[in-house]
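Structural overview
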Amino acid sequence: MSESQPLLKVDNLQVSFKTDDAQVRAVRGVSFDVYPGETVGLVGESGSGKSVTNLALMGLVPKPPGRIDGGTVLYQGKDLLTLSDQQMQSIRGRRIAMIFQDPMTALNPLMTVGQQLTEMTRLHLGLSRKEANRQAAEMLDLVGISGAEKRLRDYPHQFSGGMRQRVMIAMALSCEPDLLIADEPTTALDVTIQAQILDLLRDLQQRRGTSIIMITHDLGVVAEICHRVLVMYAGRVVEKADADALFADPKHPYTQGLLRSLPRFDQTAETLEAIPGQPPDLGHLPDGCSFRPRCPVAIDACKTQDPALVNLDGRRKAACLVAQQEAVDV
Amino acid sequence: MRNLIGYLLKRAAWMILTLWAVYTVSFILMRSVPGNPFSGERSLPPAIERQLKARYNLDAPPLQQYWDYLVGIVTRFDLGWCMGLEDYSVNQVLAEGFPVSATLAIFALVFAILLGVTAGVISAVYRRTKADVILMFAAVLGIAIPNFVLASLAILLFVFMIQIFPAGGWGTLKQIALPAFCLGLPVAAYIARLSRTGMLEMLTKDHVRTAIAKGLPHRTVILRHVLPGALLPVVSYLGPAVARVLTGSLVLEKIFALPGMGSHFINAATQRDYTLAMGMVLTYTVILFVMNTLVDLAYAIIDPRVKLQ
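The sections below set out a description of the structure shown in this document. Counting of residues starts from 1 at the beginning of each chain's written sequence and follows it residue by residue. Labels are handed out in written order, letters beginning with A for the chains and numbers beginning with 1 for the ligands. Where totals are concerned, whole chains, interfaces and linings use all residues; where local detail is concerned, this predicted model gives features only for residues with pLDDT of at least 70, and gives and counts side-chain atom pairs only at 80 or more. Side-chain metrics in this entry use all non-hydrogen atoms of the structure; hydrogen atoms and water are not considered.

On to the pattern of salt bridges. Residue and element names in this part refer to chain A. The working definition used for a salt bridge is a side-chain nitrogen of Lys or Arg within 4 Å of a carboxyl oxygen of Asp or Glu. Counting across every chain of the model gives 19 salt bridges over all chains. Residue Asp69 pairs with Arg67 through a salt bridge whose shortest N-O separation is 2.7 Å. For every residue, the accessible area (1.4 Å probe, protein chains only) is compared with the maximum for its type, and the residue is labelled buried under 20%, exposed over 50%, or partly exposed between those bounds. Of the residues examined, Asp69 reaches a relative accessible area of 34% and is grouped as partly exposed. Overall, the relative accessible area of 44% leaves Arg67 in the partly exposed class.

Below, the structure is given as structure tokens:
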């Protein structure tokens, strides 16, 4: 997989937001590649910059107050960050599609599901009304909504949450994009529906070879469908590894903390373990490593040195001085 | 469909109840104000006054009057003879005045909606630019200036200084333009503010972001995904807007010398023309009721989540 050309190449992306008292650096030099047909997980707490990263890819960062401070996003040799509005419009939905977190609010309540599905295919694929309707019904069928043709005339409020997320997925996939960005697609759904939606995504991916960027704070989701994982903290990627390797042997203390805070079946502890402290204020970052105030293994050097993302062994990278030292010692 | 019919029946029943209440209150109020239709500056000979009162059924006991008049209205839609205008029935006065006032109100409302919504959309899409600031400043002025002041200024400007419009009269488009403008402008200003607020609120909605993420052109996003939702508060306001236009036209018809209902209404009140005043009040009640029902229907058409009840 990784031998082929990457579909999307994000390099040193930087995004900040202007607030009353500071320039908040939400994304601070994020780099990653997405290869055809793979699923990349983007994991982190709220405010770690994972959503903003992807909004930036789509050109959806609200400006102002948002600002792209630097970096490139290469897609088919073009830097998406420099494209005009019109050029971006031909990529959004057509080449790169997005599924949002909350299916209850992500659909337009005043338009039928059919209208919302077909307006996209009619625009991007130039389908006639009839063709678009037929294709929309096929898509609903594909995502497991029964009686598709009839349901096209229904409004979003006539669907349940899980069904709406299926509609979102049908919509996102209707132009057969190369890349699907799924921003916490299962967070707002209950657990049984979550599993169904994940199965659906995996299944559709295998059938169509779509690449997926899965944004989530749920490591269970990552374990289920991701090939590679990026762990983000305070606007940076702090660990990058294959999913198996990450779960087997996390290197960054933040990743270790995340994994430890998962509920486990082989433990009967009353309380879940948590990472102490709060994520840093992105407007006033501490010197040195931004995770240091919460880090259990921090050394003196962490106070002054902001670690870069460094290769530990062939398959993984971590931005942690301690982990990097250990890797050298071994 | 069955929903709709049930809703309309319910509204109709409410309207009848409301009309009856309005009739009763107006009847009592009119008769508790000092004076009567025939108490002018010079007093009439007692014999003539007696005959007049007999002709208009004013010599009957109040409850009898209340009942007789009500029966006439319900069974024959007959609002009786005008007490101030000789040889005119109230129905005749309404039939002559209503088309004028209605035309004026429709022109004013359409003008107000078109101008207000356009201004609101422009200032929301280009928010915090010069255009936004200028439009919203104009809107504040429009809301603050009463329409009779506006009318005087407009007459001064467009009738005397730049002579493009006639000062009054009725019939041609040119004669409608100025009063409709003065009547509609304050409403337009309010609608502009409402639609701007509505647009700004809609722009932050998740589904608008979805629409952008679908790759729709900016214009389509605004017109199809932002505007309809932003218009809901404007639609709700149309009920009060009609009331505002109707009361506004009372004054403007006087200023522009228009043969509408408004001028009759004022005369009826000052001259204690019991029958004409009653006819006016009931007509306005019906108009407002019908408009509010239409507004509810429009709301339900735009927003499928709304259930008519």
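Whether two residues are in contact is decided by their heavy atoms: any pair within 4.5 Å suffices. Contacts between chain A and chain B engage 24 residues on the former and 19 residues on the latter. Carbon and sulfur atoms supply 63% of the area buried between chain A and chain B, which totals about 2000 Å² over both sides. Values labelled buried area give the accessible surface lost by two parts on being combined, using a 1.4 Å probe and summing over both. Per-residue buried area on chain A facing chain B is highest for Phe100(A), Leu110(A) and Glu119(A); these three make up 29% of the total on that side. At the boundary of chain A with chain B, the tally comes to 2 salt bridges. Starting at the N terminus, helices and strands are each numbered in turn, a helix being any DSSP run of H or I of at least four residues and a strand any DSSP run of E of at least two. Of all elements in the fold, only helix 3 (113-124) and helix 6 (161-173) of chain A reach the threshold of two or more residues within the side of chain A that touches chain B. Per element, the largest residue contribution to the side of chain A that touches chain B is 5 residues, and it comes from helix 3 of chain A.

What follows covers helix 4 (residues 90-125) of chain B. A helix is expected to span 1.5 Å for every residue after the first. Between the first and last C-alpha of helix 4 of chain B there are 50 Å, a value that for 36 residues agrees with the 52 Å anticipated at 1.5 Å per step. At Gly97(B), helix 4 of chain B shows its largest kink, close to 30°, and the proline Pro99(B) lies no more than four residues downstream. Here the bend at a residue means the angle between the axes of two seven-residue stretches, the one that ends at it and the one that starts at it.

What follows is about the environment of Cys226(A). Residue and element names in this part refer to chain A. Within the element layout of this structure, Cys226 appears in the loop between helix 8 (219-225) and strand 9 (228-233). For Cys226, a relative accessible area of 7% gives the class buried. With 13 residues separating them along the chain, Cys226 and Ile213 place their C-alpha atoms 8.7 Å apart. If we skip the residues at most four places from it in the chain, Cys226 touches Thr39, Val40, Gly41, Met214, Val221 and Ala243.

A few words on the sheet that holds strand 3 (residues 39-43) of chain A. Residues and elements named next belong to chain A. Being paired, for any two strands, means DSSP has found at least two bridges between them. Taking strand neighbours across the sheet as the criterion, the 8 strands line up as 6-7-8-3-9-10-12-11 in an open arrangement whose pairing is mixed. Looking at the sheet topology across the chains shown, the edges are occupied by strand 6 (96-99) and strand 11 (310-313). Averaged over all neighbouring strand pairs, the angle between strand axes comes to 25°, with direction disregarded. Inspection of the sheet shows strand 3 paired to strand 8 (residues 211-216) by 5 bridges, in the parallel sense. Within strand 8, the residue paired with Thr39 across the bridge is Ile212. Each axis is a line fitted through C-alpha atoms, and for a helix only the stretch in contact is used; angles between axes span 0 to 180 degrees, taken between their N-to-C directions. Each of strand 3, strand 6, strand 7 (179-183) and strand 8 is contacted by helix 7 (residues 191-208), which is oriented at about 160° to strand 8, the strand it contacts most.

Residues and elements named next belong to chain A. Read from one edge of the open sheet, 4 strands run 2-1-4-5, paired in antiparallel fashion. In this open sheet, the two strands that pair with only one neighbour each are strand 2 (23-34) and strand 5 (78-79). As judged from the 8 bridges shared by strand 1 (residues 8-18) and strand 4 (residues 66-75), these two strands associate in the antiparallel manner. By the bridge assignment, Asp11 is partnered in strand 4 with Thr72.

Before going further, it helps to spend a moment on the packing of aromatic side chains. All names here are of chain B. Ring pairs shown here join Phe, Tyr and Trp side chains whose ring centres sit within 6.5 Å, with only the six-membered ring taken for Trp; geometry is labelled stacked below 30 degrees between planes, edge-to-face above 60, and tilted in between. Applying the stated criterion across every chain yields a total of 11 aromatic pairs over all chains. Between the aromatic rings of Tyr23 and Tyr66, the centroid separation amounts to 5.2 Å while the plane-to-plane angle is 50°, which identifies the pairing as tilted. With Tyr23 in helix 1 (residues 2-32) and Tyr66 in helix 3 (residues 62-76), this pair connects stretches of sequence that are 43 residues apart. Take Tyr23: its relative accessible area is 1%, and that puts it in the buried class.

Glancing now at the nonpolar core. Grouping buried Ala, Val, Leu, Ile, Met, Phe, Trp, Tyr and Cys residues that are joined through side-chain atoms within 4.5 Å yields what is termed a nonpolar core. Among the nonpolar cores identified, the biggest contains 96 residues, and Leu8(A), Leu80(A), Leu140(A), Ile169(A), Ile181(A), Ile213(A) and Met214(A) are the most heavily contacted of them. Here this core takes 7 residues from helix 6 of chain A, the largest share from any one element. What Leu8(A) contacts, discounting residues up to four positions off in sequence, is Phe32(A), Asp33(A), Val34(A), Leu57(A), Val73(A), Leu74(A), Tyr75(A), Leu80(A), Ile96(A), Leu179(A) and Ile213(A). Counting 71 residues, the second-largest nonpolar core is a separate cluster that includes Leu183(B), Leu227(B), Leu252(B) and Met280(B).

What follows concerns the packing of helix 8 (residues 206-213) of chain B against helix 9 (residues 218-255) of chain B. Residue and element names in this part refer to chain B. The N-to-C vectors of helix 8 and helix 9 enclose an angle of 150°; their axes lie 10 Å apart at closest approach. By the criterion of interaxial angle, the relationship of helix 8 to helix 9 is roughly antiparallel. Regarding helix 8 and helix 9, the two cross each other, and that crossing is right-handed. For the pair helix 8 and helix 9, the contacting residues are His207, Val208, Ala211 and Ile212 in the first and Val221, His225 and Val226 in the second. Considering only residue class, the contact of helix 8 with helix 9 consists of 5 nonpolar, 2 polar and no charged. Here is the rule for angles: anything less than 35 degrees is roughly parallel, anything more than 145 is roughly antiparallel, 65 through 115 is roughly perpendicular, and the remaining ranges are oblique. By convention, the crossing between two helices is left-handed when the near helix turns anticlockwise from the far helix through less than a right angle, and right-handed when the turn is clockwise. Following the grouping adopted for this structure description, the nonpolar residues are Ala, Val, Leu, Ile, Met, Phe, Trp, Tyr, Cys and Pro, the charged ones are Asp, Glu, Lys and Arg, and the polar ones are all others, Gly among them.

Residue and element names in this part refer to chain B. Across the interface, helix 9 lies against helix 10 (residues 261-270) with an axial gap of 7 Å and an inter-helix angle of 100°. Overall, the two elements helix 9 and helix 10 adopt an arrangement that is roughly perpendicular. Of the residues in helix 10, those in contact with Leu250, Glu253 and Lys254 of helix 9 are Met261, Gly262, Ser263, Phe265, Ile266 and Asn267. Class assignment of the residues belonging to the contact of helix 9 with helix 10 gives a composition of 4 nonpolar, 3 polar and 2 charged.

Let us now look at a nonpolar patch on the surface. Residues and elements named next belong to chain B. Like-charged residues are merged into a patch within 9 Å and nonpolar side chains (Val, Leu, Ile, Met, Phe, Trp, Tyr) within 5 Å, provided each residue has over 30% relative accessible area and no salt bridge. The Shrake-Rupley method, run with a 1.4 Å probe sphere, supplies the accessible areas, and residue values consider only the shown protein chains as cover. Taken together, the side chains of Leu156, Leu157, Phe160, Met161, Ile162 and Ile164 present a nonpolar region at the surface, about 600 Å² in accessible area. Summarising the element assignment, Leu157 is placed in helix 6 (residues 147-161). Residue Leu157 is classed as partly exposed on the basis of its relative accessible area of 37%.

Below, the discussion takes up the environment of Phe165(B). Residue and element names in this part refer to chain B. Within the fold, Phe165 resides in the loop between helix 6 and helix 7 (173-203). Considering only alpha carbons, one finds Phe165 and Ala154, 11 residues apart in sequence, at a separation of 9.7 Å. Aside from chain neighbours lying at most four places away, what touches Phe165 is Phe158, Val159, Lys174, Ala177 and Leu178.

This paragraph deals with unusual backbone geometry. Even without glycine at this site, Ala234(A) takes up a positive phi of about 50°. By secondary structure assignment, the location of Ala234(A) is in the loop between strand 9 and strand 10 (236-242). For Ala234(A), a relative accessible area of 5% translates into the label buried. One non-glycine residue, Arg128(B), lies in the positive phi region at around 60°. Within the secondary structure, Arg128(B) sits in the loop between helix 4 and helix 5 (130-144).

All names here are of chain A. For strand 4 and strand 5, the ladder comprises 2 bridges, and the chain directions are antiparallel. Bridging across to strand 5, Leu74 finds its partner in Asp79. In this structure, the hairpin formed by strand 4 and strand 5 is closed by a connection of 2 residues, where Gln76 is found at a positive phi of approximately 50°.

Bringing the environment of Ala257(B) into the picture now. Residues and elements named next belong to chain B. Take Ala257: it is sitting in the loop between helix 9 and helix 10. Using a relative accessible area of 53% as the deciding quantity, one classes Ala257 as exposed. Along the chain, Ala257 and Ile48 lie 209 residues apart, while their C-alpha atoms are 33 Å from each other.

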